Each structure stands twice: as C-alpha cells, then as structure tokens.
Amino acid sequence: RDGFIKAIGPADAIQKQFSGETFQERIDCSGKCILPGSADLPTASLYFPDLRASLCVQLAGATYMDIHQAGGGINFTVERTRQASEEELYSSFQQRLGCMMRAGTTLVECKSGYGLSLETELKMLRVIERARRELDIGISATYCGAHSMPKGKTASEAADDIIKNHLPRLKELGRNGEIHVDNIDVFCEKGVFDLDSTRRILRSGKDIGLQINFHGDELHPMKAAELGAELGAQAISHLEEVSDEGIAAMATARCCAVLLPTTAYMLRLKQPRARKMLDEGVIVALGSDFNPNAYCFSMPMVMHLACVNMRMSMPEALAAATINAAYALGKSHIQGSLEVGKQGDLIIISSPRWEHLIYQFGGHHELIDYVIAKGKVIYKK
C-alpha cells in the first residue's frame with residue numbers, strides 16, 4: 001500500500017485479512033520465488049559512451065594505471081563527457097539504468113566524476129537528479145569530483161578547488177532543492193589522491209551532510225580502510241589491497257566493505273579477501289562497479305562471481321547484494337529486504353529455489369519474470 005509492504009504471511013491468512021480489499025494487480029507466484037530487488041553500488045553509469053580506446057589497450061595487456069597515465073581511461077572519458085549535452089548524457093544513462101532494472105536492480109548508486117571541473121560535475125549531477133525524479137528505479141546520487149586529477153593540478157590543488165568551490169556550490173544547490181546529493185567519493189590511490197588530500201575532501205563533504213562512500217586500497221595499500229573507519233565512512237569500495245589492520249578497523253566502525261568481483265576479474269586484479277572480512281565481522285556488500293572498464297549490468301552475475309572467485313556462500317552473496325548494499329547507501333532501514341513497513345522493491349523469478357538466481361551464470365533475463373519497485377511493476381517478462 002502506497003509503495004510499502006503492508007503484510008507478509010501464509011496465503012490463507014493474507015486472503016482472510018484482505019478479503020474486503022480491492023487490488024490494482026494480482027500476480028500468481030505459484031512455483032516461483034520472491035526476492036528483494038538488488039542494490040547496485042558503486043556505478044559510474046553516467047558518462048558519454050566510447051569504450052574503444054581503453055578497452056583495446058587493456059585487452060592487449062596494459063594495466064589500469066598504464067592506460068590512465070597515457071591519457072586514456074578516465075581522462076579520455078572526461079573529454080567526451082565534457083563535450084556531450086545533458087540530453088545526450090540522459091539518453092545513454094536512461095538506457096543503462098533500464099538494463100540494470102531488467103536484471104533485477106531496484107536501487108542504484110550513480111556517481112558523477114567524469115567532469116572534474118565544477119561546470120561538468122554539476123551537469124552530471126543535474127542529469128542524475130532528472131533521472132531520480134523521472135525514473136522508477138531508486139537512485140542514490142554521489143558527488144565524485146575527486147575521481148582523477150584535472151590536467152595541470154596537483155592533488156593538493158585539486159583538493160583545494162573541490163573544498164573551496166565545488167562543495168559550497170553543492171550545498172547551495174541542495175538547500176535550494178535543485179539537486180540532491182547523498183554521498184561523497186574520492187579515488188584514494190597512488191598517483192591520484194593521496195591520503196592527506198582524501199581526508200581533507202571527505203571531511204569537508206561530511207561537514208555539509210554527505211555520507212562518505214569512497215574508493216580505497218584498490219591498486220596499492222593506502223591505509224584507506226583505516227582512514228574510512230577514522231572518519232566514520234558509511235562504506236569503502238574495492239579493498240583489494242586492504243591491510244589486516246584496516247579490516248579490523250572497519251569491523252569496529254561498522255563501515256561497509258563494498259566488494260567488486262567484476263572489477264577484479266576485468267582488470268586482472270587479485271580478489272578482495274571477502275572470507276577474512278566476513279570472518280572478522282565486517283559488513284560486506286557487493287556491487288557491479290559499472291563503468292567503462294567494468295561493463296556489467298547484472299547483479300546476478302556479480303553474486304555468481306563472488307561465490308566462485310571470493311568463496312562467498314550463496315546466502316552471503318544474496319545478503320551482500322540486497323540488505324548490506326542498501327546499508328552501504330544508508331537505506332537499509334527502508335530498503336534491501338522483504339519486511340512489513342519497508343519499500344515494496346522485489347523481483348519474482350520462475351524457479352521455486354532462490355539459489356537459481358546465483359547458480360545460473362548468465363541468461364538471468366529468462367529467469368526474472370517481474371521487477372517491482374515502490375510497489376509498482378516496472379518490468380514484466
């Protein structure tokens with residue numbers, strides 16, 4: 001009712017409780033299974049598409065940082081995105097979100113970060129805001145102006161610009177109701193933003209009310225996990241190179257580890273230590289990390305890779321892609337599980353066993369019969 005789950009129970013009890021009610025739609029789920037919709041984070045799903053340059057080099061054996069330092073990767077995409085109109089960006093963005101939705105995703109984190117200048121970052125955030133208002137899929141917006149170093153600037157200079165110019169403008173636009181930003185992200189990495197610059201930017205973002213949800217310990221051990229725990233971060237993504245001390249600090253701080261098996265697979269990185277994190281009590285979420293280097297719309301495939309390559313169990317993977325991913329976005333009180341009073345975000349699959357969604361590698365579109373968001377059918381096979 002009104003987009004929220006009103007009741008859960010045996011069919012006979014539900015039929016008796018609501019015998020006098022009329023319903024907009026009834027769905028026969030005999031022999032099927034109902035699951036929470038997936039939450040997908042982080043995604044850099046808003047950019048102007050052109051995959052050819054970095055992908056060809058990457059498949060030839062270059063590393064992520066080789067491509068980055070040669071002017072490809074993020075830098076190449078930034079130039080294309082700066083040139084694109086808001087309408088062009090929205091068109092490709094809407095198409096990608098539709099693909100995610102049909103794969104069972106009902107909540108997605110969408111980042112800026114391919115602008116690096118205030119003007120283009122705001123252009124991206126306006127497009128995300130338009131999608132948040134117009135589309136059925138749930139969106140959590142992330143400002144990621146510290147995604148890479150603008151040409152001609154040091155990390156310290158770029159941090160100064162973000163703190164003095166970008167964040168005050170975001171605060172003003174948020175206060176006026178023009179855009180709504182939930183999270184702040186920084187690419188904390190060797191050759192990008194060092195620990196000190198990352199700390200300054202994240203603290204300033206937190207001061208204007210943004211949740212900290214950032215890239216850390218991906219390609220080099222940076223002590224990003226320790227920093228996130230210190231700052232009260234909601235979540236840290238990647239963590240392929242996280243230290244034992246960082247894992248312990250995240251567990252104590254209840255800081256969520258967002259693990260990205262698609263990124264480790266496509267960039268040929270070592271897998272994050274999911275088992276150690278789980279055993280130490282870290283809240284573990286999963287995400288597709290959708291971006292030009294990890295072009296995957298499907299959370300069922302992400303869960304499958306997590307079970308095979310990171311040795312997670314199926315129940316751990318399902319929780320990581322639903323309730324824990326919602327936690328990473330600060331939304332687990334209202335989304336991420338099927339409970340009375342929570343938002344009606346769910347999928348219906350044509351199998352009596354939920355495990356089939358993870359066990360099956362690919363072809364999940366044949367398995368997903370319905371996707372429902374806020375109690376409304378947004379996809380029907």
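The structure presented is a predicted model; accordingly, all values stated were derived computationally and were not measured.

Peer 1: Explanation requested: the sheet that holds strand 5 (residues 183-186) in the structure shown.
Peer 2: Sheet strands line up and pair through hydrogen bonds in the backbone, either parallel or antiparallel. The sheet built from eight strands is open, its strands ordered 2-3-4-5-6-7-8-9 with parallel pairing. At either margin of the open sheet sits one strand with a lone partner, and together these are strand 2 (38-43) and strand 9 (284-286). Each strand axis lies, on average, 25° off the axis of its neighbour in the sheet, ignoring direction. Sheet analysis places strand 6 (residues 211-216) next to strand 7 (residues 235-238), joined by four bridges and oriented parallel. Its bridge partner lying in strand 7, Gly216 is registered against His238. Sheet contacts for helix 7 (residues 155-175): strand 4 (138-146) and strand 5; angle to strand 4, the most-contacted strand, approximately 160°. The sheet strands contacting helix 9 (residues 224-231) are strand 6 and strand 7, and the helix crosses strand 6 at an angle near 175°.

Peer 1: Help me understand the packing of helix 8 (residues 195-207) against helix 9, please; the structure alone is not making it clear to me.
Peer 2: Pairs of packed helices are described in terms of their axes, by the angle between the two and the distance that separates them. Interaxial distance between helix 8 and helix 9 falls to 11 Å at its minimum, and their mutual angle equals 25°. As far as their axial angle goes, helix 9 and helix 8 are roughly parallel. The two elements helix 8 and helix 9 meet at a crossing, and its hand is right-handed. Here Leu195, Thr198, Arg199, Leu202, Arg203 and Lys206 of helix 8 lie close against helix 9, whose contacting residues are Ala224, Leu227, Glu230 and Leu231. Class assignment of the residues belonging to the contact of helix 8 with helix 9 gives a composition of five nonpolar, one polar and four charged.

Peer 1: Just to check I follow, could you spell out the sheet that holds strand 12 (residues 376-380) for this structure?
Peer 2: Here we have four strands laid out as an open sheet, ordered 1-10-11-12, and antiparallel in their pairing. In the strand order of this sheet, the two ends are held by strand 1 (33-36) and strand 12, each with one partner. The sheet shows a mean angle of 25° between the axes of neighbouring strands, taken without regard to direction. Alignment of strand 1 against strand 10 (residues 346-349), held across four bridges, turns out to be antiparallel.

Analysis parameters
- Throughout this description, residue numbers start from 1 for each chain and increase along the sequence as written.
- Two thresholds apply to this predicted model, a pLDDT of at least 70 for residue-level local features and 80 or more for giving and counting side-chain atom pairs, whereas whole-chain, interface and lining totals are computed over all residues.
- Excluded from the side-chain calculation are hydrogens and water; included are all heavy atoms of the structure.
- Two strands form a pair only when DSSP identifies at least two bridges running between them.
- Only DSSP runs of H or I covering at least 4 residues are called helices, and only runs of E covering at least 2 are called strands; the numbering of each starts at the N terminus.
- A fitted line through C-alpha atoms serves as each axis, taken over the contacting stretch for helices, and the angle formed by two N-to-C directions is quoted from 0 to 180°.
- Note on definitions: a residue-residue contact is assigned when non-hydrogen atoms from the two residues lie within 4.5 Å.
- Here the word oblique covers every angle except those under 35 degrees (roughly parallel), over 145 (roughly antiparallel) and from 65 to 115 (roughly perpendicular).
- Here a crossing is called left-handed whenever its near helix is offset anticlockwise from the far helix by less than a right angle, and right-handed whenever the offset is clockwise.
- When residues are sorted by character, Ala, Val, Leu, Ile, Met, Phe, Trp, Tyr, Cys and Pro go into the nonpolar class, Asp, Glu, Lys and Arg into the charged class, and all the rest, Gly among them, into the polar class.

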